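Descriptive structure summary
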Amino acid sequence: MKNAYLLLTPGPLSTSETVRSAMLKDWCTWDDDYNKAIVEVIRDKLVALATQQPGYTSVLMQGSGTASVEATLGSAIGENGKLLVVDNGVYGARMAEIAQYLHIPCQTVASGETAQPNVEDVAAALAADPSITHVAMVHCETTTGMLNPIADVAALAKQHGKVMILDAMSSFGGIPMDIGELDIDFMISSANKCIQGVPGFGFVIAKREALAACEGQARSLSLDLYAQWACMEANHGKWRFTSPTHTVRAFYQALLELEQEGGIAARHTRYQTNQRTLVAGMRELGFTPLLDEALHSPIITSFYSPTDSEYQFSDFYARLKAQGFVIYPGKVSSADCFRIGNIGEVYPADIERLLVAIRGAMYWQTQDSDTAVLA
Ligand SMILES: *Cc1c(COP(=O)(O)O)cnc(C)c1O
């Protein structure tokens, strides 16, 4: 089945027909042909994608990506722990909110949504409060599309002897990195982002030692990261509770397709080409990106909304959708924006077609300026 439109959103995103077709079969969750042949292979492949260094393992967790973030924070931070969250967007703020729900003491270093986290502020916070045990930050802040300086913050956390937690939800699989080199203890991502699977579960790639230390600490039964991992380890990939079998099978196919594409480096290049094509074309049409180019990620880009009084996001959105493209509303609180994602089964030729569609959808422009744009 072909899709009626292309999702230019940061997940769920457009998947390949072969990934979707992989779901057309039912699986038993107790058999080797599911657990050993699919789940265990996925777990190994994820670790291999994340790092070349030894000592890492992975665990899959039901739910959307947030469930895996919540499982990690709720399981990794002990009773006397304290979390420092580096916050420059919705997803950083969400980690602080999770800590609040779970009654985990938490401090945030916030730089605002359009600025890079200030590494000196993080250093000062760590120096001022020795009771901090864990540092959490987002890699690509999907709110704006900003790529955050994880190497600097991770190095700082390690210098102070803290456990480092990275939300790489929207970047893992699309941006090369080695979490072992960065000395990251827990890295969280999900099925429906750069690996290009369908939604239904998230995963955590962690140091074996760090995961083992989570035993007995979870603040939730179903989100006990240690118990889920221990079950998978002891039973060849068996999930504690009903696993999203079709989603997992689709994810396996998505991992094969990532390999066929040439791995993370090749996918990164495609996303980058998508993003550069998009930004150049949008500038030509008169749109301005929210962030300085140096802060852009290849994942998603925020653009200022047109200031013309006739412009309405809902109309613009509907016109683009009618032409086969779904774009994404803005999420930045300080500026009126919309966002366009570059990830998923999306190629530079699709972005070229999108730009033509956008030009046709700029209904708020007068006939005169229309000609000016076209000229
Ligand atoms: C998508 C995303 C999440 C998780 O969102 P869910 O809606 O729970 O899947 C978390 N952090 C970042 C940076 C994301 O992009």
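Residues numbered from 1 in each chain as written. Predicted model: local features only at pLDDT ≥ 70, side-chain atom pairs only at ≥ 80, totals over all residues. Heavy atoms only, no water.

As annotated in an unreviewed UniProt entry, the chain carries the name 2-aminoethylphosphonate--pyruvate transaminase and is attributed to Photobacterium aphoticum. Checking UniProt for the chain, the heading Function (unreviewed entry) contains the comment "Involved in phosphonate degradation." UniProt, in its Catalytic activity (unreviewed entry) section for the chain, records the words "(2-aminoethyl)phosphonate + pyruvate = phosphonoacetaldehyde + L-alanine". (UniProt positions renumbered as here; feature names shortened; annotations may be inferred.)

With that out of the way, let us pick up the nonpolar core. In terms of nonpolar packing, the biggest core is built from 82 residues, with Phe172, Phe186, Met187, Phe203 and Ile205 touching the most fellow members. Element by element, the count of residues in this core is highest for helix 9 (residues 245–261), at 7 residues. (Core = buried A, V, L, I, M, F, W, Y, C linked by side-chain atoms within 4.5 Å. Buried < 20%, exposed > 50% of the residue type's maximum accessible area, 1.4 Å probe, protein only. Helix = DSSP H or I, 4+ residues; strand = E, 2+ residues; numbered from the N terminus.)

Okay, the domain arrangement of the chain next. Segmenting the chain into domains produces domain 1 (17–260) and domain 2 (263–361). Each of domain 1 and domain 2 was reduced to a C-alpha centroid, and the two centroids are 27 Å apart. Each partner contributes residues to the interface: domain 1 has 27 residues there, and domain 2 has 25 residues. The junction of domain 1 with domain 2 conceals about 2,100 Å² of combined surface from both sides, 60% of it contributed by carbon and sulfur atoms. Tallied by class, residues from the side of domain 1 that touches domain 2 come to 11 nonpolar, 11 polar and 5 charged. (Domains from an automatic or database assignment. Contact = heavy atoms within 4.5 Å. Buried area = accessible area lost by both parts, 1.4 Å probe. Nonpolar A, V, L, I, M, F, W, Y, C, P; charged D, E, K, R; others polar.)

A pair of packed helices can be characterised by two numbers: the angle between their axes and the separation between those axes. Where helix 3 (residues 65–76) meets helix 4 (residues 90–101), the axes come as close as 10 Å, and the angle between the chain directions of the two elements is 50°. Relative to helix 4, helix 3 is oriented oblique. Where helix 3 crosses over helix 4, the two elements pack in a sense that is right-handed. In contact with Thr66, Val69, Glu70 and Leu73 of helix 3, helix 4 contributes Arg94, Met95 and Ile98. Of the residues in the contact of helix 3 with helix 4, the class split is 4 nonpolar, 1 polar and 2 charged. (Axes fitted to C-alpha atoms, helices over the stretch in contact; angles between N-to-C directions. Parallel < 35°, antiparallel > 145°, perpendicular 65-115°, else oblique. Left-handed = near helix turned anticlockwise from the far one by under 90°.)

What follows deals with the sheet that holds strand 8 (residues 163–167). As a general point, the strands of a sheet are linked pairwise by backbone hydrogen bonds and lie either parallel or antiparallel. The 7 strands are arranged 2-10-9-8-5-3-4 in an open sheet whose pairing can be described as mixed. Strands with a single pairing partner mark the edges of an open sheet, and in this sheet they are strand 2 (56–62) and strand 4 (106–110). Averaged over all neighbouring strand pairs, the angle between strand axes comes to 20°, with direction disregarded. Where strand 8 lies against strand 9 (residues 186–190), 3 bridges are found, and the strand directions are parallel. Its bridge partner lying in strand 9, Leu166 is registered against Met187. Contacts from helix 8 (residues 225–234) reach strand 2, strand 9 and strand 10 (201–207) within the one sheet, and its direction differs from that of strand 2 by about 110°. (Pairing = 2+ DSSP bridges.)

Before going further, it helps to spend a moment on the sheet that holds strand 13 (residues 328–329). The strand order across the open sheet built from 3 strands is 11-14-13, with neighbouring strands paired in antiparallel fashion. Each end of this open sheet is capped by a strand with a single partner; those strands are strand 11 (300–304) and strand 13. Here 2 bridges tie strand 13 to strand 14 (residues 337–341), and the two strands are oriented antiparallel to one another. Following the sheet pairing, Pro329 is matched in strand 14 by Phe338. Where helix 10 (residues 263–284) meets the sheet, its contacts fall on strand 11 and strand 14, and the angle it forms with strand 11 comes to roughly 10°.

To continue, consider the site of the ligand. Close contacts around the ligand come from Ser64, Gly65, Thr66, Tyr91, Arg94, Val138, Cys140, Thr142, Asp167, Met169, Ser170 and Lys193, and that covers them all. A distance of 2.5 Å separates an oxygen atom of the ligand from a polar side-chain atom of Thr142. The separation between a nitrogen atom of the ligand and a polar side-chain atom of Asp167 is 2.6 Å. Of all the cavities here, the one that holds the ligand is the largest pocket. (Near = heavy atom within 4 Å. Polar contact = N/O pair within 3.5 Å; in protein donor to acceptor, adjacent residues only side chain to side chain. 1 Å grid on protein atoms, 1.4 Å probe; cavity = no way out; pocket = protein on both sides within 12 Å on 5 of 7 lines; lining within 4 Å. Sits in = over half its atoms within 2 Å of the grid points.)

The UniProt feature table records "domain: Aminotransferase class V" (unreviewed entry) at residues 38–305. Along residues 38–305, the helical share is 41% and the strand share 18%, with 44 Å between the first and last C-alpha atoms.

This part takes up the UniProt feature "modified residue: N6-(pyridoxal phosphate)lysine" (unreviewed entry) in the chain. Under the UniProt annotation, the feature "modified residue: N6-(pyridoxal phosphate)lysine" (unreviewed entry) is placed at Lys193. As for its position among the elements, Lys193 is in the loop between strand 9 and strand 10. Lys193 sits in the buried class, given a relative accessible area of 9%. Excluding anything up to four places from it in sequence, Lys193 contacts Pro10, Leu13, Met169, Ser170 and Ile343.

Moving on: the packing of aromatic side chains. Pairs of aromatic rings are described using the distance from one ring centre to the other and the angle between the two planes. Tallied over the entire structure, the rule returns 15 aromatic pairs. Ring centres 6.3 Å apart and planes at 20° place the aromatic pair Phe287 and Phe316 in the stacked group. Taken together, the residues span a long stretch of sequence, with Phe287 in the loop between helix 10 and strand 11 and Phe316 in helix 11 (residues 313–322) at a distance of 29 residues. No difference in accessibility class separates Phe287 from Phe316, as the two residues are buried. (Phe/Tyr/Trp six-rings, centres within 6.5 Å; stacked < 30°, edge-to-face > 60°.)

Moving on to the layout of surface pockets. One way to see where empty space is left: roll a probe the size of a water molecule over the atoms. Reported here for the largest pocket is a volume of approximately 310 Å³. Taken together, 24 residues line the largest pocket, and the ones lying closest to its centre are Gly65, Thr66, Tyr91, Met169 and Lys193. Among the secondary structure elements, those contributing two or more residues to the lining of the largest pocket are helix 3 and helix 4. Taken together, the residues of the lining of the largest pocket break down into 11 nonpolar, 10 polar and 3 charged. (Points joined across faces, edges and corners; volume = space filled by probe spheres on them.)

Here we come to the pairing of strand 8. In terms of burial, strand 8 is a largely internal element, 4 of the 5 residues being buried. With 5 bridges joining them, strand 5 (residues 134–138) and strand 8 adopt parallel strand pairing. Bridge pairing in strand 8 links His134 to Val163.

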